[in-house]
Every structure is written in structure tokens, then in C-alpha cells.
Amino acid sequence: MRRLRLPLVPRWLRLAGVVAVASTILYYSVFTPPGSGVIRTGPLGVFPYGTWLHGLAYAGLAVTLAYAFQDSPWRDRTVLGVVFLLAVGYGGSIELLQSTLDARTADFGDLLTNAVGAAVAAVCWRVLTRRVRFYRMRRVGEIEAPVQ
């Protein structure tokens, strides 16, 4: 089976992506989240909108962390464990911060949803990296066109 080739951008850019995702999560966790009071349920009406937001936000954080650590000398399982712990730890920190704010509340359910989102993302990343070969990129012009 042929492996898909994806670019591995410079580390500083990968870490900037992590900071951007973490900052966005922090912003919407401290201020009013998008769709507050307007949307009651998420896709398919299965879970509340806030649950979807938490799961997707921390899945996104876990994926950006995993990509940032892709060229780490650690074993894959170690990296994914660290990614999971960092994402859940960040979520816990946000929940503690919310407990100090008048307009927000800390919720163990949110922390659990964050952990599920990060775990699902870590598992999906593990599956993806088995089918992908990353190549180093120093500048944008080095992106390879897919072979037809």
C-alpha cells in the first residue's frame, strides 16, 4: 500500500499553531461562546451544542499538539500519551479558571468531554500516521504536488 506524503512544516510554525488553538479555546472559555443561547443541540440532535464544542476544541488541540511533536525522538505511544495529558491538563486549567469567574462555572462533565475529544483525536492521529509519510519543509515553496 502506498503511503500518503504530507509536509512537516518548521517546528516554530507547528508550535505557533498550538498556541493559536490554545488561545482560541481560552478566549471562548472566558468570554461568551459562539451560539450561546441560540443553538440548543449539535449535529443530529444527539448532544448539546456545548458538548460538541468542547469535544471538537480539545480534539483540535490534541491534533495540533501531535503534529507539533511529530518529529520527536520519543516513541509514538509516549508522544500520544503526552499529547493527551497536555490537552486534558489544559482543559482542567481552563475549568479551574472558569470557577473563579462570575459569568462562568466549572463543570466536571466539560472536563470529561475534553478528555474524550483529546482521546479520540489521539487515536485518529495514530491511525493516520500509520498511513502517512511526513517530509520536512523549510519554506512554503517546498510543498510537493501529489503524483497522479
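Treat the numbers as computed from the prediction; the structure is a model and nothing was measured. Throughout this document, residue positions are counted from 1 along each chain, in the order its sequence is written. Reporting of local features is limited, given that this is a predicted model, to residues whose pLDDT is at least 70; pairs of side-chain atoms are given and counted only at 80 or more, and all residues count toward the totals for whole chains, interfaces and linings. Values reported for side chains reflect all heavy atoms of the structure, with hydrogen atoms and water molecules removed beforehand.

Peer 1: Please explain a nonpolar patch on the surface as it appears in this structure.
Peer 2: A surface patch of nonpolar side chains, amounting to about 410 Å² of accessible area, comprises Phe108, Leu112, Val116 and Val120. The secondary structure listing takes helices from DSSP runs of H or I that are at least 4 residues long and strands from runs of E that are at least 2 residues long, numbered from the N terminus. Within the fold, Val116 resides in helix H4 (residues 108–129). Residues enter patches when they are more than 30% accessible in relative terms and free of salt bridges; like-charged ones are connected within 9 Å and nonpolar ones (Val, Leu, Ile, Met, Phe, Trp, Tyr) within 5 Å. Note on areas: these come from Shrake-Rupley sampling with a 1.4 Å probe, and a residue is covered only by the protein chains present in the view. Any Lys or Arg side-chain nitrogen located within 4 Å of an Asp or Glu carboxyl oxygen qualifies as a salt bridge.

Peer 1: Which parts of the structure should I look at to understand the nonpolar core?
Peer 2: The tendency in soluble globular proteins is for nonpolar side chains to be buried as a group. Buried Ala, Val, Leu, Ile, Met, Phe, Trp, Tyr and Cys residues that are joined via side-chain atoms within 4.5 Å together make up what is termed a nonpolar core. For every residue, the accessible area (1.4 Å probe, protein chains only) is compared with the maximum for its type, and the residue is labelled buried under 20%, exposed over 50%, or partly exposed between those bounds. Membership of the largest hydrophobic core comes to 25 residues, with the highest contact counts inside it found for Leu61, Leu65, Tyr67, Val83, Trp125 and Phe134. If you list the elements that add at least two residues to this core, you get helix H1 (11–30), helix H2 (49–68), helix H3 (76–99), H4 and strand E2 (132–136). The element best represented in this core is H2, accounting for 8 residues. Any two residues having at least one pair of non-hydrogen atoms within 4.5 Å are treated as being in contact. With near-sequence residues (within four places) excluded, Trp125 lies in contact with Val63, Ala66, Tyr67, Gln70, Leu80 and Phe134.

Peer 1: Hey, could you run me through the packing of aromatic side chains in this one?
Peer 2: Any Phe, Tyr or Trp ring, taking Trp's six-membered ring, that has another such ring centre within 6.5 Å forms a pair; planes under 30 degrees apart are called stacked, those over 60 apart edge-to-face, and the others tilted. Inspection of every chain in the model, using the stated rule, returns 6 aromatic pairs. When the ring of Tyr27 is compared with that of Phe31, the centres are 4.9 Å apart and the planes differ by 45 degrees; the resulting orientation is tilted. The class of Tyr27 is partly exposed, set by a relative accessible area of 46%. Residue classification places Phe31 among the partly exposed positions, given a relative accessible area of 45%. Taking the centre distance of 6.4 Å and the plane angle of 35 degrees together, the rings of Phe69 and Trp74 count as tilted. An aromatic cluster is defined as three or more aromatic residues linked by ring pairs; in this entry it consists of Tyr27, Tyr28 and Phe31.

Peer 1: When you look at the pattern of salt bridges in this model, what are you seeing that I'm missing?
Peer 2: Side chains bearing opposite charge may pair, as long as their charged atoms lie close to each other. One pass over the full model with this rule turns up 5 salt bridges. Note that Arg14 and Asp71 form a salt bridge whose closest N and O atoms lie 3.2 Å from each other. With Arg14 in helix H1 and Asp71 in the loop between H2 and H3, this residue pair connects regions lying 57 residues apart in the sequence. Overall, Arg14 belongs to the buried group, its relative accessible area being 4%. In this structure, the salt-bridge partner of Arg130 is Asp76, at a minimum N-O distance of 3.4 Å. Of this pair, Arg130 sits in the loop between H4 and E2 while Asp76 sits in helix H3, and the two are 54 residues apart along the sequence. Using a relative accessible area of 33% as the deciding quantity, one classes Asp76 as partly exposed. Here the residues in one salt-bridge network are Arg11, Arg14, Asp71 and Arg136, joined through shared partners.

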